Amino acid sequence: MNFILIAVIVLGAIGLIAAIVLFAASKKFAVYEDPRIAQVGELLPGANCGGCGFPGCSGMADALVKGADAGSLDGLMCPVGGAETMGKVADLLGMAIANSEPMVAVVRCNGTCEHRAKIAEYAGLRTCAAMHACGAGETACGFGCLGCGDCVAACQFGAISINPETGIPEVDDEKCTSCGACVKACPRSIIELRKKGPKNRRVYVSCVNKDKGPAAMKACAVSCIGCGKCEKECPFGAITVENNLAYIDHQKCRLCRKCVAVCPKKAIVAVNFPAPKPAPAPEERKEEQV
Amino acid sequence: MKIKTFSMGGIHPAENKLTHEVPTIVAELPKQAIFPLGQHIGAPAKPVVQKGDKVKVGTMIAEAGGFVSAPIFSSVSGTVFKIDTAIDATGYRKPVIIINVEGDEWEESIDRSNKLEEVAAHPELTPELIVERIKNAGVVGMGGACFPTFIKLTPPPTAKAECVIINAVECEPYITADYRLMMEHADEILVGLELLMMGAKVTKGYIGIETNKPAAIELLSEKCAKKFNGTKYLVEVVPLKQRYPQGGEKQLVDAVIQRQVPAPPAIPVNVGAIVQNVGTAFAVYEAVMKNKPLFERYTTVTGKKLANPGNFQVRMGTPMINLIDACGGMPEGDNKLLAGGPMMGKALTSVEVPICKGTNSVTIISDEEARRKEPQPCIRCAKCVGVCPMGLEPYLLAKLSEVKNWERAESEDITSCIECGSCHYTCPAHRPLLDNIRLGKATVMGIIRSRAAKK
Amino acid sequence: MGKLIVSLSPHAHSRDSIERNMYGVIIALMPALLASFYFFGLGSVVVTTTSVAACCFFEWAICKYILKKKENTLVDGSAVITGLLLAFNLPSNLPIWIIIIGALFAIGVAKMTFGGLGNNIFNPALVGRAALLVAFPAQMTTWPKIGQWDTYLDAETGATPLSIISSAIRLGDASVLDQLPSSFELFLGSSSGGAGAMGEICGLALLFGLAFMLYNRIITWHIPTSILGTVFIFSGLLHLSNPVYPDPLSVLFTGGLMLGAIFMATDYVTSPMTPKGQIIYGVAIGFLTIVIRNWGAYPEGMSFAILIMNAFTPLINNYVKPKRFGEVAK
């Protein structure tokens, strides 16, 4: 019996001493953290994707509270949570939030297996970074998509995947949070964050080839040759041609699609527009046959 | 006497020196010569001709684009066709000057005679004049790296040059261009060495040659003794054990003068050695003594399935397909076309790529050798650690690059890697070690540069 | 004209491969295998075949049905080596069902749970042996005598040289050591009436294997030399201080020391990656082996010494770096 009593007392004493030490330490070494940071952190999605530009959601919460104290939340946007989350955070901090446009990742290359002929076979490490370091790739276009999927590996949301028929990555605009990981992963800067657009519609030049016209045409059937027709056609001055490549500024584009019609190479792509109405059946021919 | 070699690592790939005893022939002039503007380390050259200009052999067609740069001279006579882009050895389209070849008219200032010019016969030569002529002739490292030679001869104030080491090692399999150059132009090479020693203001010189070239060792030793014995120059021919990568400049300095160059940013001149390829020494002789700028070189065209592999004296700008056709044409089936040797050469996507200042060989690898086997998991055999000539741990560096752990990669000295490929060659699991390490090294060097720029 | 193939350099490869290394080790084990057949007859044949078959079966089955890998790793030969090395650690009268359990432990627990070849921390054969030793101590510590050609389960058992040594030390009586055969006989394994594990019996056969592996550059000299050297020196010092400890040559040729130093400790996956690290590893194993043999509960210390040092290998890899080229002495 004695032993049990001694054991209980000894262990009890150790426990008591440990508790006192821990209590003292938690008081002496306590770090004061603004309780709002934890509250804001609760509202954020918790994906730690870095899309806001801060190290994780806790970093963003910290920046938001600092911003609130400084008087403005401008420039702070959580792409995953979107306007809804930012609205809740603004309410909590008692601030107004600037409205910012939703963005989406756009792959600006249409050099599919059909359009771009292979001139070599790559037999090395199958990542875009390695292939880019080796040379132009398996085709004659030194600017186009290599199709090895560095962007797919970088995406934490499963929003981008390589289409096995075309060999080019495709973005699922429901899942894309515009965090920008794929943009950084692409060694050729083919992917760009552009405005999602009303009803998810957008117009962009699906080419980043800066070679002169003849070389670009030889490499790919739908490459931009820098002819400038689109630049002349655009009523809003949204298109600039530089280094044999046209670029549509997504802030200025009004989705009129005049450029799509005049491009001789079909290099400009309009996404999520309704299909054009079929041409009316020619009445004269019908009458002739009768 | 024990044959000298470098301190650690190294491999013994199959030699395959198919063209060792094939005498050099002068390649035919092409119909069109293509001159990339970026044939050297540093800023690309800037064109000084335009479409329609008439040029002669030896006319400057592009001037140096900055301090670390070199001018480019036409190797043919004819009319400038256009200034355009074309695929070069980097695999990308780069700015080039294309010249349609007409006849073979040379600039009058070039001395085309075969007379051997000795330094003693030219009292006007001073170290400064030698360096100036080398610079104006556009001479760059001919071993493949293409670093402007005149800069190497004027080391920074923190380093003092003590000797010139001629790299005649040619440790890569297949390549025999340097060997043929030594056998056919030994006298000129030795005058070139003397000019380099004068330009660098040193009196000690070494010529490193691997033991698989006994005839060259004997020939050069004999001529060296005759030329330099009794003069103020101490020149020694150093036979080196046949082992890859003996030709790497750090390994060469280690083997010849037993001094190890520390990790980057240190360079060989920090331990007193200026290393120059034997082809560069020859180009220096021609530039200083014959007033001939750099526009032609010795190139080996070889491969197991080539009908007649050979060594060529070729004008730069000649598309490779011309030389390959002279050797019997591209072999049937799938091939790898390499600018350089199998260990460090660059695989090309086009047969029209021209011969440039650093193209010491065109190697064609065929069939199974052209493809890689499927990689298997690392079995931790440590063979890569055993063969690394820089004392690194390739399995670790490759893994760190794969998982993008740049801080640890930097602390594990990834920037010391000389990209020789010994680790990749040895790995029993066929893992793409050098692919990963190369990418990691480039990223870490970018991080170091941006860190230095911020300061 | 055919296609042009591209990749980054180098564009050449040595003829080395995982299979070449693994089959090289198997060939190096052949002399020891033949010696074990010679000394232990039928029992050795049964135990070895069962062990190899069980290890191969478990590797194939786990790879195919549990891990569902694309390529079955059975063909690289490492399962065969584990089977052989496990068998060499066992007494030749061990029942088949126990061998199968040992194989399951070796392949299933020690190798496959960690991710297969290249990822295991502990030597699979030794883990199998240690598991059997702990689970079936009676069967695992009775050793058949050599020279019994056609007996298996009913083989006559006897005292092994190691048990003689450990009783000498425990009793503090040097005269017990006179029962030991001469070190030359221990080396050849020809001592009449002696007993032991199947693979440990003939040191000469194991040395042939070592020579083969060194010549073909399958292993380097660092680990075997550092282990055997440390054991020799340490046991030599002990013997000089007190004759109750056996002479160093006897120590070298008894028990699993040769087998462990040449085949087990040199296992690629579980040993350090740098020459300096390998020597530290070998010295520590040698030291621990003697300590466990002389003063530990088990007469054989090699397996545990290697398993302990396997746990230290990642630490050694982290802190022991090879000498860098051009390292400026700090």
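Here the residue numbering is sequential within each chain, running from 1 through the sequence in written order. Both sets of labels track the order of writing: A upward for chains, 1 upward for ligands. Predicted model: local features are reported for residues with pLDDT of at least 70 only, side-chain atom pairs are reported and counted for 80 or more only, and whole-chain, interface and lining totals are derived from all residues.

### Re the overall build of chain C
Consideration 1: Of regular secondary structure, chain C possesses 13 helices and 3 strands.
Consideration 2: The atom set for the radius of gyration is the C-alpha atoms, and the globule formula is 2.2 Å times the number of residues raised to the power 0.38. The C-alpha atoms of chain C give 21 Å as radius of gyration, which agrees with the globular expectation for 330 residues (20 Å, within 12%).
Consideration 3: In terms of overall dimensions, chain C has a C-alpha envelope of 80 × 55 × 30 Å along the principal axes.
Consideration 4: Across the 330 residues of chain C, 55% fall into the buried class.
Consideration 5: Think of it this way: build a C-beta for each residue from its backbone, and any pair within 7 Å is a contact. Residue pairs at least 24 apart in sequence account for 74% of intrachain contacts in chain C once pairs closer than 6 positions are excluded. Helix numbering and strand numbering both begin at the N terminus, where a helix is a DSSP run of H or I of at least 4 residues and a strand a DSSP run of E of at least 2. Residues with at least 20 other C-beta atoms within 10 Å of their own are called buried, those with 12 or fewer are called exposed, and the rest are partly exposed. The C-beta atoms themselves are positioned from the backbone.

### Quick look at the overall build of chain A
Consideration 1: Looking only at helices and strands, one finds 11 helices and 9 strands in chain A.
Consideration 2: Taken against the 2.2 N^0.38 rule, which gives 19 Å for 290 residues, the C-alpha radius of gyration of chain A at 28 Å runs more than 25% over that of a compact globule.
Consideration 3: Over its C-alpha atoms, taken along the principal directions, chain A stretches across nearly 115 × 50 × 45 Å.
Consideration 4: The buried share of chain A, reckoned over its 290 residues, is 34%.

### Examining the interface of chain B and chain C
Consideration 1: Chain B puts 53 residues into the contact, and the matching count from chain C is 31 residues.
Consideration 2: Of all the secondary structure elements, the ones that give two or more residues to the side of chain B that touches chain C are strand 15 (335–339), strand 16 (346–347), helix 12 (422–426) and helix 13 (433–454) of chain B.
Consideration 3: When residues in the side of chain B that touches chain C are grouped by element, the largest group, 4 residues, is from strand 15 of chain B.

### A word on the sheet that holds strand 2 (residues 32–36) of chain B
Residues and elements named next belong to chain B.
Consideration 1: Strands are treated as partners if at least two bridges between them are detected by DSSP. In spatial order, the strands read 2-8-7-4; together these 4 strands make up an open sheet with antiparallel pairing. Of all strands in the sheet, those bounded by a partner on one side alone are strand 2 and strand 4 (54–55).
Consideration 2: Bridge count between strand 2 and strand 8 (residues 93–101): 5 bridges; the pairing is antiparallel. Within the sheet, the bridge partner assigned to A33 lies in strand 8 and is I99.

### Digging into the nonpolar core
Consideration 1: For this analysis, nonpolar core means a set of buried Ala, Val, Leu, Ile, Met, Phe, Trp, Tyr and Cys residues linked through C-beta atoms within 7 Å. Core analysis: the largest hydrophobic core is formed by 293 residues, its most contacted members being V164, I165 and V284 of chain B.
Consideration 2: Of the residues forming this core, the biggest block, 18 residues, is contributed by helix 1 (residues 18–66) of chain C.
Consideration 3: The contacts of V164 of chain B, once residues within four sequence positions are left out, are L193, L196, M197, A200, V202, G205, I274 and Q276 of chain B.
Consideration 4: The next biggest cluster of nonpolar side chains, apart from the first, holds 15 residues, and it includes C57, V65, M77 and M86 of chain A.

### Structural notes on the packing of helix 4 (residues 124–135) of chain C against helix 13 (residues 302–319) of chain C
All names here are of chain C.
Consideration 1: Axes here mean lines fitted to C-alpha atoms, for a helix over just the part in contact, with angles spanning 0 to 180 degrees between N-to-C directions. For the pair helix 4 and helix 13, the least separation of the axes is 10 Å and the interaxial angle reads 125 degrees. Taken together, the axes of helix 4 and helix 13 lie oblique to each other. The chirality of how helix 4 crosses helix 13 is left-handed. Of helix 13, the residues touching helix 4 (which contributes L126, R129 and A130) are S303, I306 and L307.
Consideration 2: A per-class count over the contact of helix 4 with helix 13 returns 4 nonpolar, 1 polar and 1 charged. Each angle is binned into one of four classes, with values under 35 degrees roughly parallel, values over 145 roughly antiparallel, values of 65 to 115 roughly perpendicular, and all other values oblique. Helix crossings get a hand from a simple test, with the near helix turned counterclockwise from the far one by less than a right angle marking a left-handed crossing and a clockwise turn marking a right-handed one. Note on residue classes: Ala, Val, Leu, Ile, Met, Phe, Trp, Tyr, Cys and Pro are nonpolar, Asp, Glu, Lys and Arg are charged, and everything else, Gly too, is polar.

### Notes on the domain arrangement of chain A
Residue and element names in this part refer to chain A.
Consideration 1: Looking at chain A, the domain boundaries give domain 1 (35–93) and domain 2 (103–271).
Consideration 2: Note that the domain bounds were set by an automatic or database domain assignment. In this structure, domain 1 and domain 2 have C-alpha centres spaced 32 Å apart.
Consideration 3: Between domain 1 and domain 2, the contact holds 6 residues from the first and 5 residues from the second.
Consideration 4: Its residues assigned to classes, the side of domain 1 that touches domain 2 shows 4 nonpolar, 2 polar and no charged.

### As for the interface of chain C and chain A
Consideration 1: Residue-level contacts link 6 residues of chain C with 9 residues of chain A.
Consideration 2: Of the residues contributing to the side of chain C that touches chain A, the split by class is 4 nonpolar, 1 polar and 1 charged.
Consideration 3: Relative to strand 1 (residues 4–6) of chain C, strand 2 (residues 120–122) of chain A runs parallel, the two sharing 3 bridges. In the sheet register, E121 of chain A faces strand 1 of chain C, and the bridge partner there is I5 of chain C.

### Some points on the pairing of strand 8 (residues 245–248) of chain A
Consideration 1: Residues L245 and Y247 of chain A point to one face of strand 8 of chain A and A246 and I248 of chain A to the other, with burial holding for every one of them.
Consideration 2: The hairpin turn running from strand 7 (residues 239–242) of chain A into strand 8 of chain A, its antiparallel successor, is 2 residues long, and N243 of chain A in that turn takes a positive phi close to 55 degrees.

### Examining the confidence of the model for chain C
Consideration 1: Scored from 0 to 100, pLDDT reflects the predictor's confidence in each residue. Of the residues in chain C, 98% have a pLDDT of 70 or more, and the chain-wide mean is 87.
Consideration 2: Reported confidences for the modelled complex are a pTM of 0.87 and an ipTM of 0.88.

### Points about helix 4 of chain C
Residues and elements named next belong to chain C.
Consideration 1: What a helix should span is 1.5 Å times the count of its residues minus one. Over its 12 residues, helix 4 extends 16 Å from the first C-alpha to the last, a length consistent with the 16 Å expected when each residue adds 1.5 Å.
Consideration 2: Buried within helix 4 we find P124, A125, L126, V127, G128, R129, A130 and L132.
Consideration 3: Summarising the contacts, the buried residues of helix 4 are in contact with helix 2 (78–88), helix 3 (96–109), helix 5 (137–140), helix 11 (257–264) and helix 13.

### Regarding the sheet that holds strand 12 (residues 273–277) of chain B
Within a sheet, neighbouring strands are paired by backbone hydrogen bonds and run either parallel or antiparallel to one another.
Residue and element names in this part refer to chain B.
Consideration 1: The parallel open sheet is built from 4 strands, whose spatial order is 11-10-9-12. Because the sheet does not close on itself, it has two edges, and the strands there are strand 11 (234–240) and strand 12. On average, each strand axis in the sheet is inclined to that of its neighbour by 20 degrees, with strand direction left out of account.
Consideration 2: Sheet topology places strand 9 (residues 163–167) next to strand 10 (residues 204–210); 5 bridges connect them, and they run parallel.

### Side note on the environment of S69 of chain B
Residues and elements named next belong to chain B.
Consideration 1: Along the chain, S69 turns up in the loop between strand 5 (60–63) and strand 6 (72–73).
Consideration 2: Linking S69 and L219, residues 150 residues apart in sequence, is a C-alpha distance of 35 Å.
Consideration 3: Dropping the residues within four chain positions of it, S69 is found in contact with H40, G42, A43, A45, A64 and P148.

### Looking at the pairing of strand 7 of chain A
Consideration 1: Across 4 bridges, strand 7 of chain A lies against strand 8 of chain A in antiparallel orientation. Counted as the bridge partner of I239 of chain A is I248 of chain A from strand 8 of chain A.

### So, the environment of G329 of chain B
Consideration 1: Here G329 of chain B shows up in the loop between helix 8 (320–326) and strand 15.
Consideration 2: Residues G329 of chain B and G310 of chain B, 19 residues apart in the sequence, show an inter-C-alpha distance of 12 Å.

### Focus: helix 4 (residues 82–93) of chain A
Consideration 1: Between its first and last C-alpha atoms helix 4 of chain A spans 17 Å; for 12 residues at 1.5 Å apiece the expected length is 16 Å, and the two agree.
Consideration 2: Phi turns positive, to about 70 degrees, at G94 of chain A, one or two residues after helix 4 of chain A.

### Some remarks on unusual backbone geometry
Consideration 1: Cis geometry marks the peptide bond from P264 of chain B to P265 of chain B, where omega comes out at 10 degrees.
Consideration 2: Take P265 of chain B: it is sitting in the loop between helix 6 (249–257) and strand 12.
Consideration 3: Geometrically, the link from S9 of chain C to P10 of chain C is a cis peptide bond, its omega value of -5 degrees lying close to zero.
Consideration 4: Note that P10 of chain C resides in the loop between strand 1 and helix 1.
Consideration 5: A positive phi angle, close to 65 degrees, is found at R257 of chain A, a residue other than glycine.
Consideration 6: Overall, R257 of chain A belongs to the partly exposed group, with 14 C-beta atoms counted inside 10 Å.
Consideration 7: Not every positive phi belongs to a glycine, and E170 of chain B is a case in point at roughly 50 degrees.

### Regarding the packing of helix 3 (residues 177–184) of chain B against helix 5 (residues 214–228) of chain B
Residues and elements named next belong to chain B.
Consideration 1: The N-to-C vectors of helix 3 and helix 5 enclose an angle of 35 degrees; their axes lie 10 Å apart at closest approach. The handedness of the crossing between helix 3 and helix 5 is left-handed. Note on element contacts: helix 5 touches helix 3 through A215, A216, L219 and L220, opposite Y179, M182 and M183.
Consideration 2: Of the residues that constitute the contact of helix 3 with helix 5, the class distribution is 7 nonpolar, no polar and no charged.

### Here's the deal with the environment of R259 of chain B
Residues and elements named next belong to chain B.
Consideration 1: Inspection of the secondary structure assignment puts R259 in the loop between helix 6 and strand 12.
Consideration 2: By the C-beta count within 10 Å, which is 16 here, R259 ends up partly exposed.
Consideration 3: Placed 255 residues apart in sequence, R259 and K4 show a C-alpha to C-alpha distance of 13 Å.
Consideration 4: Aside from chain neighbours lying at most four places away, what touches R259 is V253, D254 and V271.

### Quick word on the confidence of the model for chain A
Consideration 1: When pLDDT is averaged along chain A, the result is 86, and 93% of the positions lie at 70 or above.
Consideration 2: Mean pLDDT in chain A bottoms out at helix 11 (residues 283–289) of chain A, which sits at 49, and peaks at helix 1 (residues 2–28) of chain A, which reaches 94.

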